[in-house]
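Descriptive structure summary
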Amino acid sequence: MRIGIVCYASTGGSGIVATELAIALADRGHEVHVLSTEPPFRFPRNRQSLHFHEVATPAYPLFREPQYALSLATAIVQVSRHYHLDVVHALYAVPHAAAAYLARQIMIAHPTDRVPCVMTTLHGTDITLVGSDPSYTETVAFCIDQSDGVTAVSESLKADTCQLLGITREIRVIPNFLDAARFARRDVPRRPGGTPRIVHISNFRPVKRIGAVVDVFARVRAQVPATLVLVGDGPELAPARQRLQALGLGGDVEYAGERLDIVDVLSQADVFLLPSATESFGLAALEAMACEVPVVASRVGGVPEVIDDGVTGFLHEPEDIGGMAGNIVRLVNEPALHARVAAAARQVAIERFSAARIVPMYEAAYAALSDYR
Ligand code: GMT
């Protein structure tokens, strides 16, 4: 098939899923065209059948705000026409589903155009934080309804979408995935005399509750030697750095920044901490599990669909700082427990969330688009 993938280029999980899906589909013989403002964070160069199209949004002095949805819709039309796309797949509803809808309407109005089907994948914040904001609801709900096919990354997100946006149409749940061969623990040398490493990876938005990361780490550090490794960047990073300094923990923290060598980072990790307020899936947690890093996380959204509490990780209410710290200390102090959870996490990542299992679900969803032409 000829597939257009519309996504964000930033380090968020939806852009990563879009990139991994594009790579996997190209490897499986499809012709894939990725449309975004720039090549997504993990986008590979020179991959056969994988093409990138930059969406440029010109500035004009009259506008205070860039008209991204319009330039994206135009780019979708142009790429669809030129490459005869069968499917336009919008990952993250806002504004990608609206741009895809508009592009399709433009092509329907041109009798000579071969109109692609539109599939929308819901990722989480596009529904729970952004899409359900009163300033967006009607448009987001309409565009989801108008898509030929809709998928969500967890049962939890599907339920949220129905409840928050009043959607009643069919939504297929297709979980996030990873390449389990690539996401596997490597034999990376550890620093001599290094302390246990507690890793947090995110885009440091308020929803990630970076304050809770600091609080949990402070409790852990009061009981055992440990290093906190903060990977990524975002608005909550600077306040966290200040608090860690104020708590006298500055010397126990590594700021790794945005990283492409995430498998190496995880291969040195002992525990992954994700105390989010909401999380439709938790792709970063899945990547940790695949690298045999036990996860301690909030019991929110779709996280319980990824982690079995006490078996492949530990789940707590978001406010349960003491409980999260307690299980991190247990994992650090009890090698047998750590080994059992790490192995179970890896097994689940392979058996339930590997690309080999999930990517065919997307292919089946494309094939089932009702008016597929
Ligand atoms: O978590 C974010 O802030 C980024 C966001 C995104 O747009 O990529 O992540 C969402 O989509 C990921 C990929 O499907 C999920 O793994 C994350 O759980 C989800 N984030 C939230 O629901 C907060």
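The coordinates are above.
To start, this report covers the structure provided alongside it. Here, residues in each chain are numbered from 1, in the same order as that chain's written sequence. In keeping with the predicted nature of the model, local features appear solely for residues at pLDDT of at least 70, side-chain atom pairs appear and are counted solely at 80 or more, and the whole-chain, interface and lining totals rest on all residues. Side-chain descriptors were evaluated using all non-hydrogen atoms of the structure, hydrogens and water having been removed beforehand.

**Some details on the sheet that holds strand E9 (residues 227-231)**
Strands sit in the order E10-E9-E8-E11-E12-E13 across an open sheet of 6 strands; the sheet is parallel. Edge positions in the sheet fall to strand E10 (253-257) and strand E13 (313-316), since each has one partner strand and no second. The average undirected angle you get between the axes of adjacent strands in this sheet is 20°. Strand direction decides the pairing type here: strand E8 (residues 197-201) and strand E11 (residues 271-274), joined by 2 bridges, are parallel. Directly across from Val199, in E11, lies its bridge partner Phe272. Strand pairing follows a simple DSSP-based rule, namely that at least 2 bridges must link the two strands. What counts as a helix is a DSSP run of H or I of at least four residues, what counts as a strand is a run of E of at least two, and both are numbered from the N terminus. Axis angles are defined between N-to-C directions and span 0 to 180 degrees, where every axis is a line fitted to C-alpha atoms and, for a helix, only to the segment in contact.

**Points about the site of the ligand**
Note on terminology: near, applied to a residue and a molecule or strand, indicates that one of the residue's heavy atoms is within 4 Å of it. Close to the ligand lie 17 residues, the nearest being Gly13, Ser14, His123, Asn176 and Glu279. Here Gly13 contributes a backbone N or O atom positioned 2.7 Å from an oxygen atom of the ligand. Think of a polar contact as two N or O atoms within 3.5 Å of one another; within protein, one of them needs to be a possible hydrogen donor and the other a possible acceptor, and neighboring residues in sequence only count if both atoms come from side chains. In the environment of the ligand, an oxygen atom lies 2.8 Å from a nitrogen or oxygen atom belonging to the backbone of Ser280. Relative to its free-state accessible area of 480 Å², the ligand is covered by the protein chains to the extent of 93%. Counted by class, the shell around the ligand contains 4 nonpolar, 11 polar and 2 charged residues. Both domain 1 (2-177 + 354-372) and domain 2 (197-353) contribute no fewer than three residues apiece to the shell around the ligand. Surface exposure here means Shrake-Rupley accessible area, sampled with a 1.4 Å probe, where a residue is shielded only by the protein chains that are shown. All amino acids are sorted into three groups, where Ala, Val, Leu, Ile, Met, Phe, Trp, Tyr, Cys and Pro are nonpolar, Asp, Glu, Lys and Arg are charged, and the leftover types, Gly among them, are polar. In this document the domain limits rely on a domain assignment from an automatic tool or a database.

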